[in-house]
Each structure stands twice: as C-alpha cells, then as structure tokens.
Amino acid sequence: MPALNATHDPARRSWVESANAPGTDFPIQNLPHGVFRRASEPWRGGVAIGDMILDMAAAVDAGLFQGIPAEAARAAAEPTLNRLMSMGNGAASALRARISDVLKTGSEAQALASRILVRMAEAELRLPCQVGAFTDFLTSTFHTERGGRRTRPDSPLPPNFKHLPVAYNSRATSLRVSGEAVRRPNGQRQTPNGDVVFGPCVNLDFELEVGLFIGPGNPLGEPVALSAAPEHIFGYCLLNDWSARDIQRWESFPLGPFLSKSLSTTISPWIVTFEAMAPFAAPAFPRAADDPKPLPYLTCPKDQAEGLMDIALEALLLTPRMREAGQAPARITLTNFQNMYWTFAQMVTHHMSNGCNLMPGDVLGSGTASGPTDDSRACYSEITEGKNPVTLPNGETRLWLEDGDEIIFRGRAQATGAVPIGFGECRARIDPAPAWPGM
Ligand code: MN
C-alpha cells in the first residue's frame, strides 16, 4: 500500500458540497476514474466527486493540469483509460494529488473547475477501458468449502487451495458495466433423472466479488515478484460473476467453467484507485497453524501485513413485485473482502509466475467473497443450496434468480481515522432467455 498523504487527509473537504455528505461514495478522498458522456457528446474520461463528474477532457482544455501530471491528465481524459493504466501508479498518484488540489475547499481553480462539472445523473457510463482478458479466481475458503461439502464432504477444499490461488480464464468480451440487463442464457444441462436437455438456464446465480484492473503489466516471459506486484494494480471495482449453475455442473469436468460463466459479467463503472484504498489496508487472512506455509514466491512481509482491504460488501435483490410496489431492494448478503484467503498481490504474482503477460486494463476477479456466517454467503448456491428457498421481506421466495430480478452490489471501505469511500453501484436486471432460433 502507498503511504498516506494529503489526498487522504480526513479533514480535507471539497467545494463540491455533495462530496462532503456523510453517506457519499465519492468524497474528495476517493476520486475514482471512469468514462462517460452526455447525450450525443463523445466519450471521455472523468473523475467522480460527490454527485458530479470532473470532465477531464474539459479540465485539460481549461489548463488545469500543468507540469508533471499533465500527460497523465491527458490519458485520464481519453475515451479508454488503458494508457493511464500503463503509465504506472507514480503517474496516477501525481494526477490524484493535482485533482484533489483542484477540488479541495479554497482551491484557486474553483471558479474554472466549477464550470466544467457534469451532473452524474445526466451522464452515461461505459466500460472504463478496453479489457483484453478477464481471469476469475476462487479465493474464499468459506465459499469453496460450502460448495465442496456437497461433493467432497470429507475434504471440501480441493488439495491445491491453500497452496495457490485457483483461477480460470473467463471471458473479456461479455464484460458490461452496471445498468445493462443480463439475458438468461440457454444451455445444456443434465436433469435429476439423467436426461440431457438444452434450454433456458433454471439455476441462474450471482457471485459477489471485487474486480481488479491491471496497471503496467509484464512482458511475456518476465514474471514479477510479490513485493513488486502492487505496482501493477491500477484500481478496483465491484464485479458480479453471473453463474448458470445447472450448465456449470454439467460442463465443468474435466476442464472447469465455460458457458456457465461467459454469459456476461457486470462491473461497477468507477475505478477506485490503488492509492485511494491505502487507508483501508488490512492484514492477510490468518492461516491456521496446520495450514501449509505459502511457497516463497507467494510470501513477503509487507503483503502479509497489509495485502487485504477492509471493504464491506453487500448484495441486494429487487424483484419485479418489489419494484411495482415501490419497495426498496432487500439485502441478501453482507460480507467483507477480508474473508479472502489470498491477497490480490498474490493473485497477480501467481498469474504472472509462468511468464504469462498481463496487459493494462486486464481484469481479475477476486472470487466470491463469502464469509463464515450465514448472512455473509455471497451467492445463491451457498444460501439455498438449490433446495432451501429463502423468504424475502415481502413474502416472496427464491431458490435462484428469476426473470425481472435485479441484483445490486454496494461496497464501502472503512477504517478508523479515515473518511469512508464507496464504489458506486454494480447492478443488472435479468431479462428472459432469447427464443432459440428455429425451435
Ligand atoms: Mn466467480
């Protein structure tokens, strides 16, 4: 984690009043990057502040960025943020310092900058970068054990789980930002009586995860030490790894998930930077005395001391009936990122350890962030096990997601002596499966 500096000062406030509201996700201590547009204007980079967006393209044109952060500011104004990510966290940090100075109370730039703020409510957001590759990990023991108990009751964790962060290569092309509906997939499954059929998924599920955006990355064949892995972490988002469990159960042996996961993945549109998360660093997951010690390439003291983050994560469900009645969504999960057995730095180093090259804008998913308690189970396959329906506050029940259901994630980082910061929403509604051509 980078050192704390003036941008994290809890006493710092913004002349953008909504950024000082106690519940805001986007106080001046956050300053996440995204890509947005108004109506038919071109896409450009922006920075969230309260309920407004600092239009980085207009800010550069207005001359707000001179000297060292000028090139980073131009990169942050582009319609994809890959170039900013490639410049490394030193550049991102210099840029953050200047943006914070522009937006802080008493800034000399207030008169200029206040004219180029855009209301978030008037903006459309899209994927903040071109995502060349998306890898999804499996790093919560609690999630993995609940799943494993059904098939391997004696040893629910796979034998490799505590030796390496398990992952599969998922699909980058079907990543979407919050707000775009997800179509229930068609797929092949085996029914309980052994028939193999094709049709709309009947066990559609969510997975509550944190996403990571890769910064500079590594050339092919050149791995990166764990102590240097944080230099390749540009920032974070919330990530919903939609999962078609019936399709997954049937297709996954021997090679793992395929169509059950590539149907779509939803992420929150704002990237909370690596530096913004500094106050929320937390120790790595405590390993039991009889757990294997991680191999040297997956161990360093700094990562053990501060490799996780204190992020409260919640999932909410809004059903069509709740929506029609004007009811608020019901919380179905409350968990924390500290439940992960492996740190993001360990995931990055392990991913690069065979020489595989990660590129700016690649996305890693943390894996379902389930905790030990019942209310911290972070997907329906853990909550209902496909057989114990849950009852919602309005009396409806769910085993799996139904058409019209909307899943909403929120995340909030918190620490003593720091202003809490949030991620914005990651939400999507389930649309019905498309009719199969000719059937
Ligand atoms: Mn997942």
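The structure we're discussing is the one just above.
Bear in mind that the values here come from a model prediction, so they are computed numbers and not experimental data. The numbers attached to residues start from 1 for each chain and follow its sequence in the written order. Where local features are concerned, this predicted model is filtered to residues with pLDDT of at least 70; where side-chain atom pairs are given and counted, the filter is 80 or more; whole-chain, interface and lining totals use all residues. Side-chain metrics rest on all non-hydrogen atoms present in the structure, leaving aside hydrogens and water.

Section: the overall build of the protein chain
Consideration 1: Strands are runs of DSSP state E lasting at least two residues, helices are runs of H or I lasting at least four, and both sets are numbered from the N terminus onward. Helices and strands together make up the secondary structure of the protein chain, namely twelve helices and 27 strands.
Consideration 2: What you see for the protein chain is a C-alpha radius of gyration of 22 Å, in line with the 22 Å of a compact globule of 439 residues.
Consideration 3: For the exposure calls, accessible area comes from a 1.4 Å probe over protein chains only, and a residue counts as buried if that area is under 20% of its type's maximum, exposed if over 50%, partly exposed in between. Residues counted as buried form 55% of the 439 residues belonging to the protein chain.
Consideration 4: We call two residues contacting when some pair of their heavy atoms lies within 4.5 Å. Partitioning the contacts of the protein chain with sequence separation of at least 6, the portion at a separation of at least 24 is 74%.
Consideration 5: We get accessible surface area from the Shrake-Rupley algorithm with a probe of 1.4 Å; when it comes to residues, only the shown protein chains can shield them. Here the protein chain has roughly 18,100 Å² of accessible surface; of this, 55% comes from carbon and sulfur atoms.
Consideration 6: Computed over 39 positive and 46 negative side-chain charges, the separation of the two mean positions in the protein chain equals 1 Å. Our radius of gyration is a C-alpha quantity, and the globule rule it is checked against amounts to 2.2 Å times the number of residues to the power 0.38. In this charge count, Lys and Arg are treated as positive and Asp and Glu as negative; neither His nor the chain ends contribute. To locate a charge, the coordinates of NZ of Lys, CZ of Arg, CG of Asp or CD of Glu are taken.

Structural notes on helix α4 (residues 89-103)
Consideration 1: Expected helix span is given by 1.5 Å per residue-to-residue step, counting one fewer step than there are residues. Under the 1.5 Å per step criterion, the end-to-end length of α4 is 20 Å for 15 residues, consistent within 8% with the ideal 21 Å.
Consideration 2: Burial in α4 covers these residues: Asn89, Ala92, Leu95, Arg96, Ile99, Ser100, Val102 and Leu103. Buried residues in α4, looked at end-on, bunch into an arc of 155°, giving them a common side. Within this analysis, the arc is defined by the directions that extend from the helix axis to the C-beta atoms.

Let's talk about the nonpolar core
As a rule of thumb, nonpolar side chains are buried together in soluble globular proteins.
Consideration 1: Here the nonpolar core consists of buried residues drawn from Ala, Val, Leu, Ile, Met, Phe, Trp, Tyr and Cys, with membership extended through side-chain atoms lying within 4.5 Å. Counting residues in each nonpolar core, the largest one holds 64 residues, and the members touching the most others are Phe206, Tyr236, Met277, Phe337, Phe344 and Leu401.
Consideration 2: Among the secondary structure elements, those contributing two or more residues to this core are β13 (208-214), β14 (233-240), β19 (308-309), β20 (311-318), α11 (344-352), α12 (380-383), β25 (406-413) and β27 (426-431).
Consideration 3: Looking at this core, the element that brings in the most residues is α11, giving five residues.
Consideration 4: Residues contacting Leu401, with those up to four places away along its chain left out, are Arg184, Leu204, Asp205, Phe206, Trp242, Leu317, Tyr380, Ile407 and Ile430.
Consideration 5: In terms of nonpolar packing, the next biggest core, distinct from the first, is built from 46 residues, Ala75, Ile99, Ile116 and Phe213 among them.

Notes on the environment of Thr105
Consideration 1: As for its position among the elements, Thr105 is in the loop between α4 and α5 (110-114).
Consideration 2: Residues Thr105 and Asp310, spaced 205 residues apart in sequence, show a C-alpha to C-alpha distance of 28 Å.
Consideration 3: Apart from the residues lying within four places of it in its own chain, the contact partners of Thr105 are Arg13, Ser14 and Trp15.

What to know about the coordination of the manganese ion
Consideration 1: Around the manganese ion, the protein contributes the donor atoms Asp136 (OD), Glu207 (OE), Glu209 (OE) and Asp241 (OD), which lie 2.1 to 2.2 Å from the metal centre.
Consideration 2: Between consecutive donors of the manganese ion, the numbers of intervening residues give the motif D-x70-E-x1-E-x31-D. Remark: Asp241 occurs in the loop between β14 and β15 (243-244) and Glu207 occurs in the loop between β12 (204-205) and β13; sequence separation between them is 34 residues. For the pair Glu207 and Asp241, a shared accessibility class is recorded, and that class is buried. Counted as donors are N, O and S atoms no farther than 2.8 Å from the metal, or 3.2 Å for Na, K and Ca; water is not among the atoms, and sites may therefore look incomplete.

Quick look at α11
Consideration 1: Summarising burial for α11: nine of the nine residues are buried, a large majority.
Consideration 2: Of the residues making up α11, those classed as buried are Phe344, Ala345, Gln346, Met347, Val348, Thr349, His350, His351 and Met352.

Re the pattern of salt bridges
Consideration 1: Every case where a carboxyl oxygen of Asp or Glu lies within 4 Å of a side-chain nitrogen of Lys or Arg is listed as a salt bridge. In this structure the tally under the stated criterion is 34 salt bridges.
Consideration 2: Of the charged contacts, one joins Glu71 and Arg74 as a salt bridge, the two residues approaching to 2.7 Å between their closest N and O atoms. Taken together, the residues Glu71 and Arg74, both in helix α2 (residues 70-76) and three residues apart, mark about one turn of the helix.
Consideration 3: With its nearest N and O atoms 2.8 Å apart, the salt bridge here joins Glu71 to Arg83. With a gap of twelve residues between them, Glu71 in helix α2 and Arg83 in helix α3 (residues 82-86) connect regions that are remote in the sequence.
Consideration 4: Connected through shared salt-bridge partners, Glu314, Arg323, Arg331, Glu406, Arg410, Glu425 and Arg427 make up one network.

Here we look at the sheet that holds strand β4 (residues 117-119)
Consideration 1: Here, a strand pair is defined by DSSP locating no fewer than two bridges between the strands. Spatially, the five strands line up as an open sheet ordered β4-β3-β2-β1-β5, and their pairing is antiparallel. Bordering the open sheet on either side are β4 and β5 (123-126), each of which pairs with just one other strand. On average, each strand axis in the sheet is inclined to that of its neighbour by 50°, with strand direction left out of account.
Consideration 2: Bridge count for strand β3 (residues 52-55) against β4 is three bridges, and the pairing is antiparallel. Residue pairing across strands places Ile53 opposite Val118, the latter belonging to β4. What counts as an axis is a line fitted to C-alpha atoms, over the stretch in contact for a helix, and the angles between N-to-C directions run from 0 to 180 degrees.

Considering the side chain of Asn82
Consideration 1: With respect to the helices, strands and loops of the structure, Asn82 is situated in helix α3.
Consideration 2: Any N or O atom pair separated by 3.5 Å or less is treated as a polar contact, with the protein-specific requirement of one donor-capable and one acceptor-capable atom, and with residues adjacent in sequence counted only for side-chain atom pairs. Looking at Asn82, its side chain comes within polar contact range of the main-chain oxygen of Pro360, at 3.1 Å.
Consideration 3: Ignoring any residue separated from it by four or fewer positions in sequence, one finds Asn82 in contact with Cys129, Gln130, Pro360 and Gly361.

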